[in-house]
Structure formats: structure tokens, C-alpha cells
Amino acid sequence: PVAHGDYFVMAGQYIPAKGWGVLPEIIKNTSGCKFKLIMRNAKDAFAFIEQHDLNGYVENGTIELVYYLESHRELLEVVANSRGVLVPSLYATTGEFYLLEALGLAKPVVVFRTGIHIDIIKHEVNGMISQVGDIEEFCENIIKINQDEELRRNLSSGAKLLFEELLRESYFQKAALEYFN
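Everything quoted here is computed from the prediction, not taken from an experiment. (Residues numbered from 1 in each chain as written. Predicted model: local features only at pLDDT ≥ 70, side-chain atom pairs only at ≥ 80, totals over all residues. Heavy atoms only, no water.)

Asks: Help me understand the overall build of the protein chain, please; the structure alone is not making it clear to me.
Replies: If you tally the helices and strands in the protein chain, you get nine helices and six strands. Its C-alpha radius of gyration of 16 Å places the protein chain within 12% of the 16 Å reference for a compact globule of 181 residues. Each of the three principal axes of the protein chain carries a C-alpha extent, and together these read 50 × 35 × 35 Å. Residues classed as buried in the protein chain amount to 46% of the 181 residues present. Long-range contacts, defined as pairs at least 24 residues apart, comprise 65% of the intrachain contacts of the protein chain with a sequence gap of at least 6. Summed over its atoms, the accessible surface of the protein chain is roughly 9600 Å², and 52% of this surface lies on carbon and sulfur atoms. (Helix = DSSP H or I, 4+ residues; strand = E, 2+ residues; numbered from the N terminus. Rg over C-alpha atoms; globule rule 2.2 N^0.38 Å. Buried < 20%, exposed > 50% of the residue type's maximum accessible area, 1.4 Å probe, protein only. Contact = heavy atoms within 4.5 Å. Areas by Shrake-Rupley, 256 points an atom, 1.4 Å probe, with all protein chains shown as cover.)

Asks: What should I look at first to understand the packing of helix 7 (residues 135-147) against helix 8 (residues 149-167) in this one?
Replies: Each pair of packed helices gets described by two things: the angle between the helix axes and the distance between those axes. Relative to each other, helix 7 and helix 8 sit at 100°, their axes nearing to 5 Å. Classed by the angle they form, the pair helix 7 and helix 8 counts as roughly perpendicular. Across from Lys144, Ile145, Asn146 and Gln147 in helix 7, the residues of helix 8 making contact are Glu149, Leu151, Arg152 and Leu155. A breakdown of the residues in the contact of helix 7 with helix 8 according to their chemical character gives three nonpolar, two polar and three charged. (Axes fitted to C-alpha atoms, helices over the stretch in contact; angles between N-to-C directions. Parallel < 35°, antiparallel > 145°, perpendicular 65-115°, else oblique. Nonpolar A, V, L, I, M, F, W, Y, C, P; charged D, E, K, R; others polar.)

Below, the structure is given as C-alpha cells:
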């Protein structure tokens, strides 16, 4: 069985393209949800909290900062024990390794409709997908996962199936043939 902790996790490069700039609004509009923010170091983590006036959310336990992880295994443990994974990329980017790891751990993902997300994430099947920049819809999707255990289980199963499909050689051959033809 897949573990479902009581928090959602956000990790990835601390750059605007990866959605860190919209994360404060997401946190402020998802009452009853907890978040673990995985960042490279304490300096970046506390600067993010200060910049976006999120101290109260840290103090009340809504946000937990996770930094200075020593190994990749430690990162995976935080993700594996989460309720779901946020991937709020605002436009197509490379390096969706974090998304692939989340799917491999059978975690429900919440994404914006951009880049590879358009091609692989099926709403309420293997993840939750929102229009780019639609913070209200993104928040509603987080709240649905938070409140609906059956949906979480179904999304977990769908995420694992998607992961297995993505790792099949035929998927990449098909994608490459479509691109080059």
C-alpha cells in the first residue's frame, strides 16, 4: 500500500518557471492543507518565507521547511510519505525528473496544463491538472486530494501505471518517431 501522510510536498529548482512564485498564493488558498517545502539550504528557505510573508504559516504548522537533505534517499522519503506532490511549472521546461519520481512513488500530482503535463497527465486518472495560472482551480484540486481518500487511492494507482508506461521503451520510441517524422 502507498503511504499518504498529511502534507503535500513541493521541491525542484527555486526558479520562477517551476512555480515557486505562485506557491504562496496556493498555500494561502488551501485552508486545512499542510505543505513541506524542500529547498537546497536554510538561507533560500527562510528568504522565500520572508519575501512572501509566510512566517505565520510556518509558525502554525501549515508549512514545514525541509533543507540540507544529505541524500537523494532522504528526499524520496519525504515525497513517498506525502499526500501528494505539487508541480506548478508555469511553462514547458526540461528536467521533469521530479515529476517522474513522484509518479514512480505512486503519488498524486497536481500540475498546470503545460509542457509534458498536457501529454501525460489525465485529470482525475493519474493526476490533477489545471489551466496555467488558474490558482483557484489548482487549489481546488489540492483540496480534493486532501479530502477524498478514494480519489487519492485512484490517483496513486494511475500515477504508478503512468510511470510504468513512461518507462517502457516503446513509449520513448513512439515519442521520438512522432517528433522526427
